[in-house]
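Next come the chains, spelled out residue by residue.
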Amino acid sequence: MSSPSSEFPFTFTAVKNEPDTRMFVFNQEFHVFAEPLRMSSAFFEKAFHPSNGIKMTSSSPLFKSDWFTTLDKDVGWVLTCGTNYNKDEDFTAFEGKRSQEQRAFNNVLCAIFNREYKISSAGELNSMVRQAEYYGALPVVSNSLTGPFYTSAGLLCPGADATNLLIAAFKLRHKTLFRECFIHVLGPWSDPQYKTLTDETLFKLADAQYKRAEIHIMKIHMDLFQLAANCPLGAEFFVPSGTEHVQHPLSLAPKCLNDDGRIIMPKFLRKCFTAAAKKHPEAHDEVEKMMGKLLQNRLVLMKDAVSGGGEFEDYFLHFCVPDRMLPWDVKEVTW
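Calculation notes
Residues numbered from 1 in each chain as written. Predicted model: local features only at pLDDT ≥ 70, side-chain atom pairs only at ≥ 80, totals over all residues. Heavy atoms only, no water. Helix = DSSP H or I, 4+ residues; strand = E, 2+ residues; numbered from the N terminus. Buried < 20%, exposed > 50% of the residue type's maximum accessible area, 1.4 Å probe, protein only. Contact = heavy atoms within 4.5 Å. Areas by Shrake-Rupley, 256 points an atom, 1.4 Å probe, with all protein chains shown as cover. Pairing = 2+ DSSP bridges. Axes fitted to C-alpha atoms, helices over the stretch in contact; angles between N-to-C directions. Polar contact = N/O pair within 3.5 Å; in protein donor to acceptor, adjacent residues only side chain to side chain. Phe/Tyr/Trp six-rings, centres within 6.5 Å; stacked < 30°, edge-to-face > 60°. Lys NZ or Arg CZ within 6 Å of the ring centre and 35° of its normal. Core = buried A, V, L, I, M, F, W, Y, C linked by side-chain atoms within 4.5 Å. Salt bridge = Lys/Arg side-chain N within 4 Å of Asp/Glu carboxyl O. pLDDT = per-residue confidence, 0-100. Parallel < 35°, antiparallel > 145°, perpendicular 65-115°, else oblique. Left-handed = near helix turned anticlockwise from the far one by under 90°. Nonpolar A, V, L, I, M, F, W, Y, C, P; charged D, E, K, R; others polar.

1. A look at the overall build of the chain
Argument step 1. Assigned secondary structure in the chain consists of 13 helices and five strands.
Argument step 2. A burial count over the chain gives 47% of its 335 residues as buried.
Argument step 3. Taking all contacts inside the chain whose residues are at least 6 apart in sequence as the whole, residues at least 24 apart take part in 56%.
Argument step 4. Counting every atom, the chain has about 17,500 Å² of accessible surface; 51% of that belongs to carbon and sulfur.

Below, the structure is given as structure tokens:
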């Protein structure tokens with residue numbers, strides 16, 4: 001596994017086949033065997049078809065065609081071939097990171113040629129999806145993503161732009177990535193990221209889960225006080241007992257405020273859960289039934305994360321989208 005560099009061409013070929021296509025992504029040169037491109041990309045299948053009318057030319061006798069970067073107002077940049085190329089085009093108007101775009105293009109080629117690759121950032125993945133969508137290669141990139149998803153550290157973390165990654169996962173129709181991003185966009189609980197989603201389907205899906213969790217939290221509050229009313233052990237969980245001062249929910253609340261003086265609900269419920277376990281093991285079983293599911297962690301990349309604790313103090317991590325609720329046809333293999 002390698003990374004592209006402007007110092008040397010990056011080669012993608014097949015057994016017993018030499019590269020026949022040369023591509024320039026800004027200042028990075030790629031030497032590519034065209035047949036896998038044609039088979040995996042709707043764009044290149046059409047471009048390489050003789051009936052398309054594109055004149056394939058190259059300044060080198062070693063290649064059949066040269067492809068060059070040109071700016072595009074909708075997707076940032078694209079590759080063009082033949083007489084469409086303007087050798088004097090000014091790239092200073094491009095606002096993205098050229099190195100990131102080169103790495104992303106390299107990864108898309110790795111997906112097409114069945115090579116291993118890693119994703120260094122969420123921005124790089126978004127660039128990959130944007131390119132794969134333009135070149136009609138979303139299915140092959142999606143199918144290649146399982147390995148990089150688990151080996152690319154830092155792809156998702158609290159504060160990351162999870163909304164754009166959720167949209168990318170939606171376009172890729174990648175279940176695991178979608179579910180991971182879905183948990184992140186439902187936080188922080190006090191100001192969830194999903195509220196900025198402009199896609200109506202994704203917004204409704206997230207909003208429904210958020211409101212369902214709100215109802216669950218209200219029921220927890222009612223059940224906690226019912227426990228105190230019905231059970232002496234439960235009552236001791238709420239009030240000082242004898243000479244020993246027990247941490248009860250109302251005393252924990254002031255320790256769970258954000259900078260605006262609002263309670264951080266995941267942190268508060270986590271402290272309630274922990275206090276019940278430490279001080280009143282007998283009452284803990286009841287508290288486990290009340291909030292155990294709400295406080296579980298379903299993240300795949302961060303299995304040690306704690307809902308309501310540490311960097312996830314304002315996150316619930318239990319959200320899950322079953323196959324029947326995924327916003328695409330899971331039986332489709334091309335799109």
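2. Details of helix H8 (residues 175–185)
Argument step 1. Counting buried positions over the 11 residues of H8 gives eight, a clear majority of the element.
Argument step 2. Within H8 the residues assigned to the buried category are Leu177, Phe178, Glu180, Cys181, Phe182, Ile183, His184 and Val185.

3. Some points on the sheet that holds strand E5 (residues 76–81)
Argument step 1. In spatial order, the strands read E1-E3-E2-E4-E5; together these five strands make up an open sheet with mixed pairing. In the strand order of this sheet, the two ends are held by strand E1 (10–12) and E5, each with one partner. Strand-to-strand twist of the sheet, defined as the mean angle between neighbouring strand axes without regard to direction, takes the value 25°.
Argument step 2. Pairing of strand E2 (residues 21–25) with strand E4 (residues 65–72) involves four bridges; the strand directions are parallel. Looking across to E4, one finds that Arg22 is bridged to Asp66.

4. Section: the side chain of Ser65
Argument step 1. With respect to the element layout, Ser65 can be found in strand E4.
Argument step 2. Take Ser65: its relative accessible area is 2%, and that puts it in the buried class.
Argument step 3. Polar side-chain contacts of Ser65 include one of 3.2 Å to the side chain of Trp67.
Argument step 4. Each residue touching Ser65, except ones within four places of it in the same chain, is listed here: Asp20, Thr21, Arg22, Phe48, Met56, Thr57, Ser58 and Cys81.

5. Focus: the environment of Thr13
Argument step 1. With respect to the helices and strands, the residue Thr13 is situated in the loop between E1 and E2.
Argument step 2. Thr13 sits 100 residues away from Phe113 along the chain, and the two C-alpha atoms are 7.7 Å apart.
Argument step 3. In this structure Thr13 touches Glu18, Pro19, Phe33, Phe113 and Arg115, once residues within four positions along its chain are discounted.

6. Points about the packing of aromatic side chains
Argument step 1. In this structure the tally under the stated criterion is 27 aromatic pairs.
Argument step 2. Taking 5.1 Å as the distance between ring centres and 85° as the angle between the ring planes, the aromatic pair formed by Phe149 and Tyr150 counts as edge-to-face.
Argument step 3. Relative accessible area serves as the criterion here: at 48%, Tyr150 is assigned to the partly exposed category.
Argument step 4. An aromatic cluster of three or more residues is present, and its members are Phe10, Phe12, Phe26, Phe30, Trp77, Phe91, Phe94, Phe105 and Phe113.
Argument step 5. Seen from the ring of Tyr210, Lys195 lies directly overhead, with NZ or CZ sitting 5.8 Å from the centre.

7. Let's talk about the nonpolar core
Argument step 1. Counting 91 residues, the largest nonpolar core has Phe178 and Leu269 as the members making the most contacts within it.
Argument step 2. Element by element, the count of residues in this core is highest for helix H9 (residues 200–230), at nine residues.
Argument step 3. In contact with Phe178, other than residues within four places in its own chain, are Leu166, Ala169, Phe170, Leu202, Leu205, Val321, Leu326, Pro327 and Trp328.

8. Overview of the pairing of E4
Argument step 1. The element E4 is largely enclosed, with a buried count of six among its eight residues.
Argument step 2. Taken together, the six bridges between E4 and E5 define a ladder with antiparallel strand orientation. The residue bridging Phe68 from the neighbouring strand is Thr80, located in E5.

9. Structural notes on the pattern of salt bridges
Argument step 1. Per the stated rule, a full pass over the model turns up 14 salt bridges.
Argument step 2. For Asp323, the salt bridge identified is with Lys175, shortest N-O distance 3.0 Å. Taken together, the residues Asp323 in the segment after helix H13 (281–291) and Lys175 in helix H8 connect sequence positions 148 residues apart.
Argument step 3. Taking the relative accessible area as the measure of exposure, Asp323 reaches 36% and is therefore partly exposed.
Argument step 4. The partly exposed category is assigned to Lys175, whose relative accessible area is 31%.
Argument step 5. Each of Lys175, Arg179 and Asp323 takes part in a single network of salt bridges with overlapping partners.

10. Points about the confidence of the model for the chain
Argument step 1. Looking at the chain as a whole, its pLDDT mean stands at 88, while 89% of the residues score no less than 70.
Argument step 2. The low-confidence segment residues 240–246 (pLDDT under 50) makes 11 contacts with residues lying over four places distant or belonging to another chain.

11. What to know about the packing of helix H7 (residues 162–172) against H8
Argument step 1. Viewed as axis vectors pointing N to C, H7 and H8 meet at an angle of 155°, and their least axial separation amounts to 9 Å. By the angle class used here, H7 and H8 are roughly antiparallel. The two elements H7 and H8 cross, and the hand of that crossing is left-handed. Here Ala162, Thr163, Leu165, Leu166, Ala169, Phe170 and Leu172 of H7 lie close against H8, whose contacting residues are Leu177, Phe178, Cys181, Phe182, His184 and Val185.
Argument step 2. Looking at side-chain class alone, the contact of H7 with H8 contains 11 nonpolar, two polar and no charged residues.

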